[in-house]
Amino acid sequence: MRRAPNLSSLWLALLAAPLFTPQAMAAPEVHLYVDGQPIATPIALDKGTVELTHSLAKGSHQIRISDAGNSCGTSFGPSESKPLPFGTAQPMDKCSKEQSFTLRVMLAGEYQFTFNPDTPSLKVLRATKKSEFKRQPPQEPCISWDGGPVTVSLKGVWPDGTRLRDAYSKQEAVVKQSKLTLTPSKESGGLLLLEPVKAAKPAPFSWDQASVYFLLTDRFHNGDPTNDHSFGRQKDGQDEVATWHGGDFKGLTEKLDYIKNLGMNAIWITPMVEQVHGFIGGGEQGNFPFYAYHGYWALDFTKIDPNYGDEESLKTLVDEAHKRGMRIILDVVMNHAGYATLADLQDLGLTDLTQNSGKLPTVWNQWRPSGGLNWHGYNQFIDYQSPAWNKWWSGDWVRAGLPGYPQPGTDDVTGSVAGLPDFLTESTKQVGLPPLLAAKKDTLAKALPDATVSDYLIAWHTDWVRRFGIDGFRADTVKHLEPEVWAKLKQAGTTALKEWKAANPDKALDELPFYMVGEVWDHGVAKDFWYQNGFDSLINFDYQREFALPQAQCMAGAEPTYASYASRINQDPEFNVLSYISSHDTKLFFGDYQDVPLQRRVANSFMLLPGGIQLYYGDESGRGLAKDGGVFDQALRSDMNWQELASGERAELVKHWQQLGQFRAAHPAVAAGSHQKLSDAPYAFVREKGDDKVVVVFAGRQQ
């Protein structure tokens, strides 16, 4: 065995040598690594918790934090490769070497990483604050405008001597030699909205010119904080991704003038009936408590959910909207009920369906995960094999993966959407009330003679029309029901609205029939059998997906769409669609680029679209994304950004949308008229319907 030398004198020499200067002993640079590539910003390990924002594409990504050499002590990752869930801090090993987290991204965008080097741990969420890198929208070739006067040919449109006004800037000019020259307002984005100074007689409202403002009641405006915690509903104290936020009918009523000033003539509100009282686990990893704030998980179709208000506040909302010439479209769910939550089982006395309930707090909605559990942990207290599930909806009413219930199928009609109890709407069996409602003390549900499941659902939904004057329905998950059920709903809604108008002649706006628009997922501009089964219109998924962005970048590129929509929709009195740029299920137009000038430009192209249109709350104000907890559509449902609208660029953005909306509202020809292109540069077209005629001029993108 070789003897080790005495190094004491050598160590003394080395300690005094320049080799061990602070520079030489500095720790290696540590970075966030995404798919093996370091992010530019270095991480200081002695400064506490660090936040980094980085853009990620859709797909799976390998995530770790380390130095370039994966040195032990500065190589942070899992002890073994594992998923990185959203919203939950994951413990890390300082010597993980080659191990990485796998992060699955469903929606491309900016993501925020929170790293605590002391624990150490890492958490990831979809970013809501300004990111390090600003995405730029793709460029589109476009005609250009120098900011000066623009001359447009009006040959064959208006005779010489006609005085016209630009509705945007309020400038006026006279047609001379079949031409007109004006300078567009800089704020308009190069638009002239030409209308005769001598206005035509206002035309009566028609659903063909629907301009619908769509909002999630809970996220719009809180007018009554006293109803924020009905049924013991709780805040989570974290990101409040899917808790109730307080919006209600009173708050919406307070904002009716705001909506009217946008040129809207109808308001679509999310389902208002009593929702399941409690929560489920949110996302695959159970990162947050997921309540039914959105309205699509019904418990009792005969009651208003108290978080939204009561019957008096609903009556006030409908009456005040009608006074302003706006219709109310109620979102209805015929396909499914809500999940069984702990709070419902407690409140309805269905404790036979639970187990280990002695470990629950007194108020079951106050349960929170602990001991390594996530929010899915509430399931341990529900006995899904209990024979007592016949006390819930029962197998006569719904399909569900429960004892004594028909099992869900594999097609659109018999399948279960997101595991929700699926109503047996195709059944011809006569049924009584479902057991949970038969035992519910405050329900207004009554047994109906010789009634099927679909008969009950139709009666419950149309009762709101008969009692309050609801003007139309937006039908959820249309393709998951039989067409003939929708036809029966439309017929019953039409009868109910006639009865309300007969009983309230002083409140009736007109004699128009009941209106119904449907969500057939991924439907475009096509007239099919749904229009023969109760629907006046269907939501148009094509516009957001294919046309909204390129036409916002250059409005001149909208000509093929304008011409096609005007021809296909406005020449058929029994056909229409409802186009949109943002929704609660697909994407938020502003969310992709968070670009206010782009949001101004999309107003120009979208608000001049033929056919019906739907604004999603905040399209007009640049409402941003919320933290989503790993469930992408939750990002689309942030609170309305009222606090940003007092002044500045957001206030000016709203004014711009108001100008476009009011022009559309004043001229039925915009939505429902014929369309003819007048010129390419400047891009100009005329719309005409009856006595109403307008010309829109787009000078080009200002250079």
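Residues numbered from 1 in each chain as written. Predicted model: local features only at pLDDT ≥ 70, side-chain atom pairs only at ≥ 80, totals over all residues. Heavy atoms only, no water.

In the annotation of an unreviewed UniProt entry, the entry for the chain reads Alpha-amylase, and the organism field reads Aeromonas veronii.

Quick look at the UniProt feature "site: Transition state stabilizer" (unreviewed entry) in the chain now. Sequence positions flagged by UniProt for "site: Transition state stabilizer" (unreviewed entry) are, in local numbering, Asp-585. The contacts of Asp-585, once residues within four sequence positions are left out, are Glu-519, Trp-521, Phe-632, Asp-633, Leu-636 and Arg-637. (UniProt positions renumbered as here; feature names shortened; annotations may be inferred. Contact = heavy atoms within 4.5 Å.)

Glancing now at the packing of aromatic side chains. Following the criterion strictly, the structure yields 46 aromatic pairs and no others. An angle of 80 degrees between the planes, with centres 5.0 Å apart, marks the rings of Trp-297 and Tyr-339 as edge-to-face. Remark: Tyr-339 occurs in the loop between strand S23 (327-332) and helix H7 (342-347) and Trp-297 occurs in the loop between strand S21 (288-290) and strand S22 (298-304); sequence separation between them is 42 residues. Residue Trp-297 shares its accessibility class with Tyr-339, and that shared class is buried. Ring centres 5.8 Å apart and planes at 15 degrees place the aromatic pair Phe-301 and Trp-460 in the stacked group. (Phe/Tyr/Trp six-rings, centres within 6.5 Å; stacked < 30°, edge-to-face > 60°. Helix = DSSP H or I, 4+ residues; strand = E, 2+ residues; numbered from the N terminus. Buried < 20%, exposed > 50% of the residue type's maximum accessible area, 1.4 Å probe, protein only.)

What follows covers the state of the cysteines. Summed over all chains, the structure comprises 2 disulfides. One disulfide in the model links Cys-72 with Cys-95; its S-S distance is 1.8 Å. Taking the sign of the S-S torsion, 70 degrees for the link of Cys-72 and Cys-95, the bridge is right-handed. Here the residue Cys-72 occupies a position in the loop between strand S4 (59-66) and strand S5 (75-76), and Cys-95 occupies one in the loop between strand S7 (90-91) and strand S8 (101-105), the gap between them amounting to 23 residues. (Disulfide = S-S within 2.5 Å.)

What follows deals with the pattern of salt bridges. Counted under the stated rule, the structure contains 39 salt bridges. The partner of Arg-467 in a salt bridge is Glu-311, and the shortest N-O contact between them spans 2.6 Å. Residue Arg-467 is located in helix H9 (residues 453-468), and its partner Glu-311 is located in helix H6 (residues 311-323); the two are separated by 156 residues in the primary sequence. A residue is classified by how much of its surface remains accessible, and Arg-467, at 33% relative accessible area, is partly exposed. In this structure, Lys-429 engages Asp-396 in a salt bridge whose closest nitrogen and oxygen atoms are separated by 2.8 Å. Residue Lys-429 is located in the loop between strand S25 (422-423) and helix H8 (435-438), and its partner Asp-396 is located in the loop between H7 and strand S24 (398-399); the two are separated by 33 residues in the primary sequence. Among the residues examined, Lys-429 registers a relative accessible area of 44% and is labelled partly exposed. Taking the relative accessible area as the measure of exposure, Asp-396 reaches 34% and is therefore partly exposed. Through salt bridges with shared partners, one network takes in Arg-163, Arg-165, Glu-172 and Glu-195. (Salt bridge = Lys/Arg side-chain N within 4 Å of Asp/Glu carboxyl O.)

This brings us to the packing of H9 against helix H10 (residues 483-503). A pair of packed helices is characterised by two quantities: the angle between their axes and the separation of those axes. Here H9 crosses H10 at 25 degrees, and the two axes come no closer than 8 Å. Between H9 and H10, the angle falls in the class roughly parallel. Seen from above, H9 lies across H10 with right-handed handedness. For the pair H9 and H10, the contacting residues are Ser-454, Ile-458, His-461, Thr-462, Val-465, Arg-466, Arg-467 and Phe-468 in the first and Val-485, Lys-488, Leu-489, Ala-492, Gly-493, Ala-496, Leu-497, Glu-499 and Trp-500 in the second. (Axes fitted to C-alpha atoms, helices over the stretch in contact; angles between N-to-C directions. Parallel < 35°, antiparallel > 145°, perpendicular 65-115°, else oblique. Left-handed = near helix turned anticlockwise from the far one by under 90°.)

What follows deals with H10. An ideal rise of 1.5 Å per residue puts 30 Å on 21 residues; H10 measures up with 31 Å between its terminal C-alpha atoms. By the burial criterion, the buried members of H10 are Val-485, Trp-486, Leu-489, Lys-490, Ala-492, Gly-493, Thr-494, Ala-496, Leu-497, Trp-500 and Lys-501. For H10, the elements touching its buried residues are H6, S23, H9, strand S26 (472-475) and strand S27 (515-518). (Expected span 1.5 Å × (residues − 1).)

Relative to the helices and strands, Lys-689 resides in strand S32 (residues 683-689). Using a relative accessible area of 39% as the deciding quantity, one classes Lys-689 as partly exposed. In sequence terms Lys-689 and Ala-203 are 486 residues apart; their C-alpha atoms lie 9.9 Å from each other. With residues up to four places along the chain from it excluded, the contact list for Lys-689 reads Pro-668, Ala-669, Ala-672 and Gly-673.

Below, the discussion takes up unusual backbone geometry. Following Thr-119, the chain continues into Pro-120 via a peptide bond in cis, with omega recorded as -20 degrees. Mapped onto the elements, Pro-120 comes out in the loop between strand S9 (109-116) and strand S10 (121-126). A cis amide bond links Ala-681 with the next residue in sequence, Pro-682, at an omega value of 0 degrees. Mapped onto the secondary structure, Pro-682 falls in the loop between strand S31 (674-680) and S32. A positive phi is found at Thr-477, a non-glycine position, where the angle reads about 45 degrees. Along the chain, the position of Thr-477 falls in the loop between S26 and H10.

Time to look at helix H11 (residues 541-553). Helical periodicity: at 3.6 residues per turn, an α-helix aligns residues three or four positions apart in one direction. In the structure, H11 departs most strongly from a straight axis at Phe-547, where the bend amounts to approximately 55 degrees and where the proline Pro-550 lies between one and four residues downstream. Every buried residue of H11 is accounted for by Phe-541, Asp-542, Tyr-543, Gln-544, Ala-548, Leu-549, Gln-551, Ala-552 and Gln-553. Elements in contact with the buried residues of H11: strand S28 (537-540), helix H12 (559-570), strand S29 (577-580), helix H13 (589-593), helix H14 (596-606) and strand S34 (701-702). The backbone nitrogen of Asp-542 lies 3.0 Å from a side-chain oxygen of the residue at the head of H11, namely Asn-540. (Bend = angle between axes of the 7 residues up to and from the residue. Polar contact = N/O pair within 3.5 Å; in protein donor to acceptor, adjacent residues only side chain to side chain.)

Here H6 crosses H9 at 65 degrees, and the two axes come no closer than 11 Å. Judged by the sense of rotation from one axis to the other, the crossing of H6 with H9 is right-handed. Where H6 approaches H9, its residues Glu-311, Leu-314, Lys-315 and Val-318 are matched on the opposing element by Trp-464, Arg-467 and Phe-468. Looking at the contact of H6 with H9 residue by residue, the classes come out as 4 nonpolar, no polar and 3 charged. (Nonpolar A, V, L, I, M, F, W, Y, C, P; charged D, E, K, R; others polar.)

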